[in-house]
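Chain by chain, the residues:
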Amino acid sequence: MRKTIFLLLVALALFSVVGCGSDKLDIGIKEGIAYFECSRSMPQIILGGESETVIEDEAFLDALISAIDGKAAVEDMCNCEALYNIRIDKYNIGLHTHGISVTYPIGHNIKGLNVFTVDCTDEEMDALFEILTAVTNSTHS
C-alpha cells in the first residue's frame, strides 16, 4: 500500500512539472535582440477590432514568430497607428506597415508596460496581413 501511494505521489509530481512547462509563452528583449518563445503548439491568438476573432491558423503564428524572433529591438513605441491589434496571453501586438510593436506588463501587480518594436520587411508584413485578411473575410462571410 505504501509503495502504491508513493508511486501515485511521484506520478502526480511529474505530471504537474510537465504540465507547467508545456504552456510557456515568453516574448521580450535580451541584450537588444527580440525573442519569441512558445513551447505550446498553438496559443490562443485573438484579433481585436469591432468584434474579437480567434486566429487558429498556425501559419500566422509561425510568420509572427519569424518576424519578431532574432530581430534588433527598439525599446520605444512608434507614433503611427497599428493596422491590426493582436492579443496573445498577456502580450498586445500591433502590426504596422513597417514592423511590429509589442507591449506587456512589467511584472505582477506592477503598474506599467514594457514596450518594444522590431522593423520587418515588406514581405514579412505582407504575409501576416494576407493571413489576417483571409481570417477576417471568412468570419464576415
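Residues numbered from 1 in each chain as written. Predicted model: local features only at pLDDT ≥ 70, side-chain atom pairs only at ≥ 80, totals over all residues. Heavy atoms only, no water.

**Here we look at the overall build of the chain**
- On a plain count of helices and strands, the chain comes out with 3 helices and 9 strands.
- Written out in order from the N terminus, the α and β elements of the chain read α-β-β-β-β-α-β-β-β-β-β-α.
- Relative to all contacts within the chain whose residues are 6 or more apart in sequence, the contacts with residues 24 or more apart total 55%.
- Entry remark: accessible area of the chain is about 9,200 Å², with carbon and sulfur atoms responsible for 55%. (Helix = DSSP H or I, 4+ residues; strand = E, 2+ residues; numbered from the N terminus. Contact = heavy atoms within 4.5 Å. Areas by Shrake-Rupley, 256 points an atom, 1.4 Å probe, with all protein chains shown as cover.)

**Focus on the confidence of the model for the chain**
- Per-residue pLDDT for the chain has a mean of 81; in total, 77% of the residues score no lower than 70.
- The low-confidence segment residues 4-22, where pLDDT is below 50, has 3 contacts with residues more than four positions distant or belonging to other chains. (pLDDT = per-residue confidence, 0-100.)

**Regarding the nonpolar core**
- One finds Phe-60, Leu-64, Ile-86, Leu-95 and Ile-100 to be the most contacted residues of the largest nonpolar core, which totals 32 residues.
- Ignoring anything within four residues of it in the chain, the contact list for Leu-95 reads Phe-60, Leu-64, Ala-82, Leu-83, Tyr-84, Ile-86, Ile-100, Met-125, Leu-128, Phe-129 and Leu-132. (Core = buried A, V, L, I, M, F, W, Y, C linked by side-chain atoms within 4.5 Å. Buried < 20%, exposed > 50% of the residue type's maximum accessible area, 1.4 Å probe, protein only.)

**Some words on the pattern of salt bridges**
- All chains considered together, the criterion is met by 4 salt bridges.
- A salt bridge links Glu-37 to Lys-30, with the shortest nitrogen-to-oxygen separation between them at 4.0 Å.
- When its relative accessible area of 28% is taken as the criterion, Glu-37 is described as partly exposed.
- The network of salt bridges with common partners includes Lys-24, Lys-30 and Glu-37. (Salt bridge = Lys/Arg side-chain N within 4 Å of Asp/Glu carboxyl O.)

**Quick word on helix H2 (residues 58-68)**
- Along H2, the positions that sit buried rather than exposed are Phe-60, Leu-61, Ala-63, Leu-64, Ala-67 and Ile-68. Seen from one end, H2 has its buried residues packed into an arc of 165 degrees, which puts them on one side.
- Backbone nitrogen of Ala-59 and a side-chain oxygen of the N-cap are separated by 2.9 Å at the start of H2; the cap is Asp-57.
- Note on H2: the residue one or two positions beyond its end, Gly-70, has a positive phi of about 85 degrees. (Arc of directions from axis to C-beta. Polar contact = N/O pair within 3.5 Å; in protein donor to acceptor, adjacent residues only side chain to side chain.)

**Remarks on the environment of Val-74**
- Checked against the element boundaries, Val-74 lands in strand S5 (residues 73-74).
- Using a relative accessible area of 46% as the deciding quantity, one classes Val-74 as partly exposed.
- Counting along the chain gives 44 residues from Val-74 to Val-118, while the straight-line C-alpha distance between them is 6.5 Å.
- Look past the residues within four positions of Val-74 in its chain and what remains in contact with it is Val-115, Phe-116 and Thr-117.

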